[in-house]
Number of protein chains: 2
Amino acid sequence: MTKRTTEDWYGCPIRYGATIFGDNWCLLILRDLMFKGAKHYADFLNAGEGISTNILASRLTTLEAEGIVEKTQDPEHGKRYIYVLTDKGLGLLPAMLEIINWAEMWDEQTEVPTEFVEELRKGRSSLVKKITSQLKSSRF
Amino acid sequence: MTKRTTEDWYGCPIRYGATIFGDNWCLLILRDLMFKGAKHYADFLNAGEGISTNILASRLTTLEAEGIVEKTQDPEHGKRYIYVLTDKGLGLLPAMLEIINWAEMWDEQTEVPTEFVEELRKGRSSLVKKITSQLKSSRF
DNA sequence: ACGAGTACTTGTTATTTGCAAGTTTTTTGG
DNA sequence: CCAAAAAACTTGCAAATAACAAGTACTCGT
């Protein structure tokens, strides 16, 4: 997460994308949101990646500020919030899937369920639609 | 660029992908390699992003170590090196294109040539092939 | 032979991260 | 109804990383 002066900030899509994608923790938070059903602060904290609580808080703040996640109160529980992907956040799904595909191809250690890989390679767009609608429905 | 202990390193594709994608500067270096015809150290240094020379050197080292770029001597110039994407590096092109597409959709400031966007949306795979073959031929 | 070009390295300061502990509400269990 | 656990943070501090500035070591063109 590099700070940037207003000067030469605008115009480049990759530079813009790097605001989110160019950060290790943002990527892992997005993964948890997209593929692991994470909703609460504690879900991200205990995702097994060892993120510090102050870093998590700051990342959630920037993701919210960028309009990628939305924070709402949990109706079932007063002092609990639910984090969900906005439409803009869901728009990052194709990029995430491409990273998964790449890692699966080039990293020996990577383990992706074969049915997932097959579905991904058979047709990206239908998988995107499927996951998107699942996530949208869960945000009721 | 977070250091990681061997413990829980393996398995997750996003965690692996974050090694590269989860870093602002790596992303911008990849952009320059893929879309700006950057080849030499100075090309990255003067790309207008204000990367420090020590950071650039360290990133090129990791990208090389990860097998994403290859460093060879420039035949036309003794003390000059050429950096080119390996096949593994080229494999990241689809993910980069998805980021471009996303930024173009959600960031007002982003400016991508309309013909590029059209080509991208008409058919990803043919654009991937086109750029890939261009980059491969230039590495002779 | 000299200055400009190329790819760095080294040092020093500023910023960010990681770790540990503490705070504030809210729910749950007896 | 009261105490303890849960949930989502905040704060403080040491350690790691990044940014800035300068210097080095070859090389090429003139």
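Scroll up to find the structure.
Residues numbered from 1 in each chain as written. Chains lettered and ligands numbered in written order. Predicted model: local features only at pLDDT ≥ 70, side-chain atom pairs only at ≥ 80, totals over all residues. Heavy atoms only, no water.

K.L.:
I would appreciate a short explanation of the protein's contact with DNA strand D in the present structure.
P.N.:
A:Lys71, A:Tyr83, B:Asn54, B:Arg59 and B:Gly78 are the nearest of the 22 residues found near DNA strand D. Counting only atoms of DNA strand D within 4 Å of the protein, the sugar-phosphate share comes to 69%. Measuring from a phosphate oxygen of DNA strand D, one finds a backbone N or O atom of A:Tyr41 at 3.4 Å. In the environment of DNA strand D, a phosphate oxygen lies 3.4 Å from a nitrogen or oxygen atom belonging to the side chain of B:Trp25. Every element with two or more residues in the surface near DNA strand D is listed here: helix H3 (41-45), helix H4 (53-65) and strand E2 (81-85) of chain A together with helix H4 (53-65) of chain B. If you tally residues by element for the surface near DNA strand D, the top one is H4(B), at four residues. (Near = heavy atom within 4 Å. Polar contact = N/O pair within 3.5 Å; in protein donor to acceptor, adjacent residues only side chain to side chain. Helix = DSSP H or I, 4+ residues; strand = E, 2+ residues; numbered from the N terminus.)

K.L.:
Looking at this structure, I do not really get the interface of chain A and chain B. What am I missing?
P.N.:
Often the size quoted for an interface is simply the accessible area lost on bringing the parts together. Across the boundary between the two partners, chain A contributes 42 residues, which contact 42 residues of chain B. The contact between chain A and chain B buries some 3,900 Å² in all, and 69% of this surface belongs to carbon and sulfur atoms. Its salt-bridge partner being B:Glu49, residue A:Arg15 comes within 2.8 Å of it at the nearest N-O pair. Where chain A packs against chain B, one counts nine residue pairs in polar contact (both at pLDDT 80 or more). (Contact = heavy atoms within 4.5 Å. Buried area = accessible area lost by both parts, 1.4 Å probe. Salt bridge = Lys/Arg side-chain N within 4 Å of Asp/Glu carboxyl O.)

K.L.:
Can you help me understand the nonpolar core in this one?
P.N.:
Most often, soluble globular proteins keep nonpolar side chains buried together rather than apart. Membership of the largest hydrophobic core comes to 83 residues, with the highest contact counts inside it found for A:Phe21 and B:Phe21. Apart from the residues within four sequence positions on either side, B:Phe21 is in contact with A:Phe21, A:Gly22, A:Asp23, A:Leu27, A:Ile99, B:Leu27, B:Leu92, B:Ala95, B:Met96 and B:Ile99. (Core = buried A, V, L, I, M, F, W, Y, C linked by side-chain atoms within 4.5 Å. Buried < 20%, exposed > 50% of the residue type's maximum accessible area, 1.4 Å probe, protein only.)

K.L.:
Whenever I open this one, the packing of helix H1 (residues 13-21) of chain A against helix H2 (residues 24-35) of chain B confuses me. Can you help?
P.N.:
The description of two packed helices rests on the angle between their axes and on the distance between the axes. Between H1(A) and H2(B), the least distance of the axes is 9 Å, while the angle of their chain directions is 150°. Comparing their axes, H2(B) and H1(A) come out roughly antiparallel. As for how H1(A) packs across H2(B), the hand of that crossing is right-handed. In this structure, H1(A) contributes A:Ile14, A:Arg15, A:Ala18 and A:Phe21 to the contact, and H2(B) contributes B:Asn24, B:Leu27, B:Leu28 and B:Arg31. Residue classes in the contact of H1(A) with H2(B) are distributed as five nonpolar, one polar and two charged. (Axes fitted to C-alpha atoms, helices over the stretch in contact; angles between N-to-C directions. Parallel < 35°, antiparallel > 145°, perpendicular 65-115°, else oblique. Left-handed = near helix turned anticlockwise from the far one by under 90°. Nonpolar A, V, L, I, M, F, W, Y, C, P; charged D, E, K, R; others polar.)

K.L.:
How do you make sense of the protein's contact with DNA strand C when you look at a structure like this?
P.N.:
In the vicinity of DNA strand C, 21 residues are found, and the nearest of them are A:Asn54, A:Arg59, A:Gly78, A:Lys79 and B:Tyr83. For DNA strand C, the backbone makes up 64% of the atoms found within 4 Å of the protein, where backbone means sugar plus phosphate. Note that a base oxygen of DNA strand C is positioned 3.4 Å from one of the side-chain N or O atoms of A:Lys79. Within the residue set of the surface near DNA strand C, elements represented by two or more residues are H4 of chain A together with helix H3 (41-45), H4 and strand E2 (81-85) of chain B. Per-element accounting of the surface near DNA strand C gives the leading share, four residues, to H4(A). For the surface near DNA strand C, a count of residues per class yields seven nonpolar, nine polar and five charged.

K.L.:
Looking at this structure, how should I read the state of the cysteines?
P.N.:
Cysteine pairs can be linked by a disulfide, which is a covalent bond between their two sulfur atoms. Summed over the entire model, instances satisfying the criterion amount to zero disulfides over all chains. Here A:Cys26 stays free of any disulfide, with the sulfur of B:Cys12 as its closest cysteine sulfur at 15 Å. (Disulfide = S-S within 2.5 Å.)

K.L.:
Looking at this structure, I do not really get the relation of the copies chain A and chain B. What am I missing?
P.N.:
Copy one and copy two of the chain differ by a rotation about an axis and a translation along that axis. Of the two same-sequence chains, chain A is brought onto chain B (RMSD 0.0 Å, axial shift 0.0 Å) by a rotation of 180°. Considering both components of the superposition, the chain copies are consistent with a two-fold axis. (Least-squares fit on C-alpha atoms with pLDDT ≥ 70 in both.)

K.L.:
What exactly am I supposed to notice about the packing of helix H6 (residues 93-106) of chain A against helix H1 (residues 13-21) of chain B here?
P.N.:
It is at 8 Å that the axes of H6(A) and H1(B) come closest, and there the two elements cross at 95°. The orientation of H6(A) relative to H1(B) falls into the category roughly perpendicular. Of the residues in H1(B), those touching H6(A) at A:Met96, A:Ile99, A:Ile100, A:Trp102, A:Ala103 and A:Trp106 are B:Pro13, B:Ile14, B:Tyr16, B:Gly17, B:Ile20 and B:Phe21. Across the contact of H6(A) with H1(B), the residue classes break down as eleven nonpolar, one polar and no charged.

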